[in-house]
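Architecture at a glance
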Amino acid sequence: MRESPESVLTRSRRAFDRTWAELEPVGRDGRTGGYNRFAWTRVDLELREWFVAEAERRGMGVEVDRNGNQWAWWGSPSDDAIVTGSHLDSVPGGGAFDGPLGVVSAFLALDTMIASGVRPSRPLAIVNFFEEEGSRFGLACLGSRLLTGAVAPEKALALADDDGVTLAEALAGAGIDPRGLGADVEATRRIGAFVELHVEQGRHLALGDAPVGVATSIWPHGRWHLRFDGEGNHAGTTAIADRRDPMLPFAGVVSAARAIAAQTDAVTTFGRIRVQPNGTNAIPTRVDAWLDARGATRDDVDRVIAATTAEAETLAAEHGVRLTIERESWTGVVDFDAGLRGRLLGALADAGMDSPVMHTAAGHDAGILAATVPTAMLFVRNPTGVSHSALEQATEADCVEGVAALAVVLQDLLTRPLASAAR
Ligand code: GLV
Ligand code: MN
Ligand code: MN
């Protein structure tokens, strides 16, 4: 007897809740409810074990590639594989959905396909990219950048966390040989198409009726490190005229960056600073600050950065502070593969799931892979739009819709010829 739609929905909800509940406590700060899931820490290793267990539960083989990313295979690894997945790390105090929703949905979409007897013509891989957020080593999408050669292994290996632990040391500690790092042509050649499902980080879908959308593009974005060196001194006894306080040009540039961005199609954020020596009664010797800038076009970002850094230099000179500025990362505009997007939209429409298309200003591993392989993204509605925060949300009903949508597009890509639409 055919299962009723209500019973399918109940089963899907139960499956989602069960899988989600296993992951939910890992790396959660009981006080704030936010997540601290940083690459190659104990928490991350626990997440990686969870990934292996989910794969093994489904009889999938698990590989760790040369760069430390995890791959779970349904079918034998070979060319033209359909790859889905996301990341399990978080920003400091991040939400539950950014990253894990894509990995959990991938496993559950596979369950859906198995339950409906899908017979794939090519293998499926579910991937967990490491350090997508750049929360520990500063460079976002590190696992996918290494895989595709978007970052040189020497540069990556030398990146250090706030305690001075290098990526090379962290990898070695986790049993990954740092000498293996670098562009993995064999691994990328196997990818016929990559589809990443992600919680939306904005309110585009919240303003409409559809729970799932399809991405068109990602804004260009980058990170800049501003280092202000002043002179440490006593907070009480140093006359105003004698101070070379690095906090002051920093404070000025925070407001300036916002005012400058507000005049263009760009956004700027100072979300991370380090103050030395960080004492209440001491003028700091040094302030390190990181500027995140994103815009509709490269020109928008260039203009904002030029004006902001010029202002920082003026302010630093006024305060007798030495300033050095370094661009730490850059990701150009990403236009996702139009053929693959059309194919996703067609498969979703055939399944009665009309999906809006939308751009995003958030970075993703899919954005890095898009330079190398046909890539697409699905977004799941976020009722408040809040992300990179403990308050990030998605309803159970929308997450289940996301799984169903992912299963529809994966089934289409796994069972019909790939060449026609994806390349
Ligand atoms: C990652 O989520 C980013 O947009 O920085
Ligand atoms: Mn994120
Ligand atoms: Mn993410």
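The preceding data block contains the structure.
First, a word on what this report is: a plain description of the structure on this page.

How each quantity is defined
Residues numbered from 1 in each chain as written. Chains lettered and ligands numbered in written order. Predicted model: local features only at pLDDT ≥ 70, side-chain atom pairs only at ≥ 80, totals over all residues. Heavy atoms only, no water. Donors = N, O, S within 2.8 Å, 3.2 Å for Na, K, Ca; no water. Buried < 20%, exposed > 50% of the residue type's maximum accessible area, 1.4 Å probe, protein only. 1 Å grid on protein atoms, 1.4 Å probe; cavity = no way out; pocket = protein on both sides within 12 Å on 5 of 7 lines; lining within 4 Å. Points joined across faces, edges and corners; volume = space filled by probe spheres on them. Helix = DSSP H or I, 4+ residues; strand = E, 2+ residues; numbered from the N terminus. Contact = heavy atoms within 4.5 Å. Salt bridge = Lys/Arg side-chain N within 4 Å of Asp/Glu carboxyl O. Near = heavy atom within 4 Å. Polar contact = N/O pair within 3.5 Å; in protein donor to acceptor, adjacent residues only side chain to side chain. Areas by Shrake-Rupley, 256 points an atom, 1.4 Å probe, with all protein chains shown as cover. Sits in = over half its atoms within 2 Å of the grid points. Nonpolar A, V, L, I, M, F, W, Y, C, P; charged D, E, K, R; others polar. Pairing = 2+ DSSP bridges. Axes fitted to C-alpha atoms, helices over the stretch in contact; angles between N-to-C directions. Parallel < 35°, antiparallel > 145°, perpendicular 65-115°, else oblique. Expected span 1.5 Å × (residues − 1).

A word on the coordination of the manganese ion (ligand 2)
Those protein atoms acting as donors to the manganese ion (ligand 2) are Asp98 (OD), Glu133 (OE), Glu133 (OE) and His388 (NE2), and they sit at 2.0 to 2.7 Å. In the primary sequence, the donor residues of the manganese ion (ligand 2) line up as D-x34-E-x254-H. Overall, Asp98 belongs to the buried group, its relative accessible area being 5%.

Here we look at the layout of surface pockets
As a volume, the largest pocket reaches approximately 1300 Å³. Lining the largest pocket we find 47 residues, and of these Val91, Arg223, Asp292, Arg294 and His388 sit closest to its centre. Contributing elements (two or more residues each) for the lining of the largest pocket: β7 (221-229), β9 (266-276), β11 (286-295), β12 (322-331) and β14 (357-360). Looking at the lining of the largest pocket, the element that brings in the most residues is β9, giving 5 residues. In this structure, the second largest pocket encloses a volume near 630 Å³. Looking at the second largest pocket, it is lined by 24 residues, and the ones nearest its centre are Val8, Arg11, Ser12, Thr112 and Ala404.

Overview of the environment of Gln393
You can see Gln393 is positioned in the loop between β15 (375-380) and α12 (396-415). C-alpha separation for the pair Gln393 and Phe97, spaced 296 residues apart in sequence, amounts to 7.2 Å. Residue contacts for Gln393: discarding those within four places in its chain leaves Phe97, Val199, Arg381, Asn382, Pro383, Thr384 and Val386.

Description of the pattern of salt bridges
For the coordinates displayed, the defined rule picks out 22 salt bridges. A salt bridge links Asp229 to Arg227, with the shortest nitrogen-to-oxygen separation between them at 2.7 Å. Residue classification places Arg227 among the partly exposed positions, given a relative accessible area of 27%. Linking Asp412 and Arg343 is a salt bridge whose minimum nitrogen-to-oxygen distance equals 2.6 Å. Note that Asp412 is positioned in helix α12 and Arg343 in helix α10 (residues 338-350), a separation of 69 residues in sequence. As far as burial versus exposure is concerned, Asp412 and Arg343 are alike and both buried. One network of salt bridges, in which partners are shared, links Glu22, Glu54, Arg57, Arg58 and Asp111.

What about the site of ligand 1?
Taken together, Glu133, Arg294, Ala362, Gly363 and His388 make up the full set of residues adjacent to ligand 1. One nitrogen or oxygen atom from the side chain of Arg294 is found 2.8 Å from an oxygen atom belonging to ligand 1. In this structure, His388 approaches ligand 1 through a side-chain N or O atom, which is 3.1 Å from an oxygen atom. Within the complex, 94% of the 200 Å² of free accessible area of ligand 1 lies under protein. In this structure, ligand 1 is accommodated by the largest pocket. Looking at side-chain class alone, the shell around ligand 1 contains 1 nonpolar, 2 polar and 2 charged residues.

Focus: the sheet that holds β12
Pairing in this open sheet of 4 strands is antiparallel, and the strands run β9-β11-β7-β12 from one edge to the other. Lying at the two open borders of the sheet, with one neighbouring strand each, are β9 and β12. Taking the axes of each pair of neighbouring strands and ignoring which way they run, one obtains an average angle of 15 degrees across the sheet. Where β9 and β11 come together, 10 bridges link them in antiparallel fashion. Each residue of the ladder has a partner; that of Ile273, found in β11, is Ala289. This element, helix α8 (residues 247-262), spans β7, β9 and β11 of the sheet and lies at about 170 degrees to β9. Against the sheet, helix α9 (residues 298-318) engages β7, β9, β11 and β12, with an angle of about 165 degrees to β12.

With respect to the packing of helix α1 (residues 5-23) against helix α2 (residues 42-57)
Where α1 meets α2, the axes come as close as 11 Å, and the angle between the chain directions of the two elements is 150 degrees. Judged by the angle between their axes, α1 and α2 are roughly antiparallel. Only Leu47, Trp50, Glu54 and Arg57 of α2 make contact with α1, whose side of the interface consists of Thr19, Glu22 and Leu23. When the residues that make up the contact of α1 with α2 are grouped by side-chain class, the tally is 3 nonpolar, 1 polar and 3 charged.

A closer look at the coordination of the manganese ion (ligand 3)
Protein-derived ligands of the manganese ion (ligand 3) are His87 (NE2), Asp98 (OD) and His198 (NE2), with the metal-ligand distances lying across 2.0 to 2.2 Å. The sequence pattern describing where the donors of the manganese ion (ligand 3) fall on their chain is H-x10-D-x99-H. A spacing of 3.6 Å is found between the manganese ion (ligand 3) and the manganese ion (ligand 2), which share Asp98 as a donor. With Asp98 in the loop between β3 (81-87) and α3 (100-115) and His198 in strand β5 (residues 191-199), this pair connects stretches of sequence that are 100 residues apart. Overall, the relative accessible area of 1% leaves His198 in the buried class.

Focus on α3
An α-helix turns once every 3.6 residues. As a result, residues three or four positions apart point the same way. Taking 1.5 Å as the rise per residue, α3 with 16 residues should run 22 Å; its terminal C-alpha atoms sit 23 Å apart, in good agreement. Within α3, 12 of the 16 residues are buried, which leaves the element mostly enclosed by the surrounding structure. When α3 is considered as a whole, its buried residues turn out to be Pro100, Leu101, Gly102, Val103, Val104, Ser105, Ala106, Phe107, Leu108, Ala109, Leu110 and Met113. Positive backbone phi, approximately 70 degrees, marks Gly117, located one or two places after α3.

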